[in-house]
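One letter stands for each residue in the lines below.
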Amino acid sequence: MVNDCIFCKIAAREIPSNFLYEDDDFIVIKDINPHAPVHLLIIPKRHIRSINDLQEQDKELVGSMFIVAKKMAKEQGVNESGYKVGFNVEKGGGQEIFHLHLHLLGGWKK
Ligand code: 5GP
Ligand code: ZN
């Protein structure tokens with residue numbers, strides 16, 4: 001838990017938010033400013049600033065993030081139509097919240 005980190009506060013339920021999914025390691029929420037009909041954020045509960053801060057021992061966590069993304073895509077009904085997943089890394093990469101999160105975007109009309 002890092003002070004003044006909004007995603008730490010959301011994960012700790014200090015800021016109310018609707019979790020679409022939760023397990024020991026992750027929460028999934030809707031992006032507050034969606035860039036697609038389906039725009040979810042897969043967020044590890046543990047504070048990691050960005051991809052730059054990943055360590056060897058985070059391999060399993062990162063792999064699990066994609067498994068959660070795959071499950072959420074199916075649950076949201078975009079698995080067959082298709083979707084994008086991605087990380088913004090640091091300011092130049094468009095990162096605004098410096099707590100690691102995986103974007104899942106989909107649901108565009110064909
Ligand atoms: P970034 O640009 O850091 O990769 O993405 C941060 C994302 O978090 C943005 O798409 C932004 O709309 C979203 N966001 C920022 N604050 C909140 C919040 O308080 N709640 C939710 N659900 N999303 C947020
Ligand atoms: Zn944090």
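Located above this text is the structure these notes cover.
The rules behind the values
- One numbering rule holds for all chains: residues counted from 1, following each sequence as written.
- Chains carry letters from A onward and ligands carry numbers from 1 onward, assigned in written order.
- With pLDDT at 70 or above as the cut-off, local features in this predicted model cover only qualifying residues; side-chain atom pairs require 80 or more to be listed or tallied, and sums for whole chains, interfaces and linings still use all residues.
- Values reported for side chains reflect all heavy atoms of the structure, with hydrogen atoms and water molecules removed beforehand.
- By definition, two strands form a pair when at least two bridges between them are found by DSSP.
- A run of H or I in DSSP becomes a helix once it reaches four residues, and a run of E becomes a strand once it reaches two; helices and strands are each numbered from the N terminus.
- The rule is simple: put a 1 Å grid over the protein atoms alone, call a set of points where a 1.4 Å probe fits but cannot get out a cavity, call an open set with protein on both sides within 12 Å along at least five of seven lines a pocket, and count a residue as lining if it has an atom within 4 Å of a point.
- Grid points are joined across faces, edges and corners, and a volume is the space filled by probe spheres set on the points.
- Residue polarity follows a fixed list, in which Ala, Val, Leu, Ile, Met, Phe, Trp, Tyr, Cys and Pro are nonpolar, Asp, Glu, Lys and Arg are charged, and the others, Gly among them, are polar.
- Each residue is placed in one exposure class: buried if its accessible area under a 1.4 Å probe, protein chains only, is under 20% of its type's maximum, exposed if it is over 50%, and partly exposed if it falls in between.
- Here a polar contact is taken to be a pair of N or O atoms separated by no more than 3.5 Å, where protein atoms must pair a possible hydrogen donor with a possible acceptor and residues adjacent in sequence count only if both atoms sit in side chains.
- Between two residues, a contact is recorded if the distance between any of their heavy atoms is within 4.5 Å.

Asks: I'd love a proper account of the sheet that holds strand S3 (residues 38-44), names of residues and values included.
Replies: Strand order in this open sheet of five strands is S1-S2-S3-S5-S4, and the pairing throughout is antiparallel. The two strands at the open ends of the sheet, each matched to only one other strand, are strand S1 (21-22) and strand S4 (83-86). Two elements, S4 and strand S5 (residues 102-106), share four bridges in a ladder whose sense is antiparallel. Pairing of Val85 across the sheet is with Leu104, part of S5.

Asks: Before we move on, can you summarise the layout of surface pockets with the specific residues and values?
Replies: As a volume, the largest pocket reaches approximately 490 Å³. For the lining of the largest pocket, the secondary structure elements donating two or more residues are helix H1 (6-11), strand S2 (26-30) and S3. A total of three residues in the lining of the largest pocket trace back to one element, the largest contributor, which is H1. Looking at side-chain class alone, the lining of the largest pocket contains seven nonpolar, nine polar and three charged residues.

Asks: Mind laying out the side chain of His101, listing which residues take part and the relevant values?
Replies: Note that His101 resides in the loop between S4 and S5. Residue classification places His101 among the buried positions, given a relative accessible area of 8%. Within the local environment of His101, its side chain forms a polar contact with the backbone oxygen of His99, the two atoms lying 2.7 Å apart. In terms of polar contacts, His101 uses its side chain to reach the side chain of His103, at 3.5 Å. If we skip the residues at most four places from it in the chain, His101 touches Phe7, Leu41, Ile42, Ile43, Met65, Gly86, Phe87 and Gln95.

Asks: Account for the pairing of S5, with residues named and values stated.
Replies: The element S5 is largely enclosed, with a buried count of five among its five residues. Burial of S5 is two-sided: the residues Leu102, Leu104 and Gly106 facing one way and the residues His103 and Leu105 facing the other way are all buried. Pairing analysis gives five bridges linking S3 to S5, with the strands arranged antiparallel. Paired with Ile42 across the two strands is Leu102, which belongs to S5.

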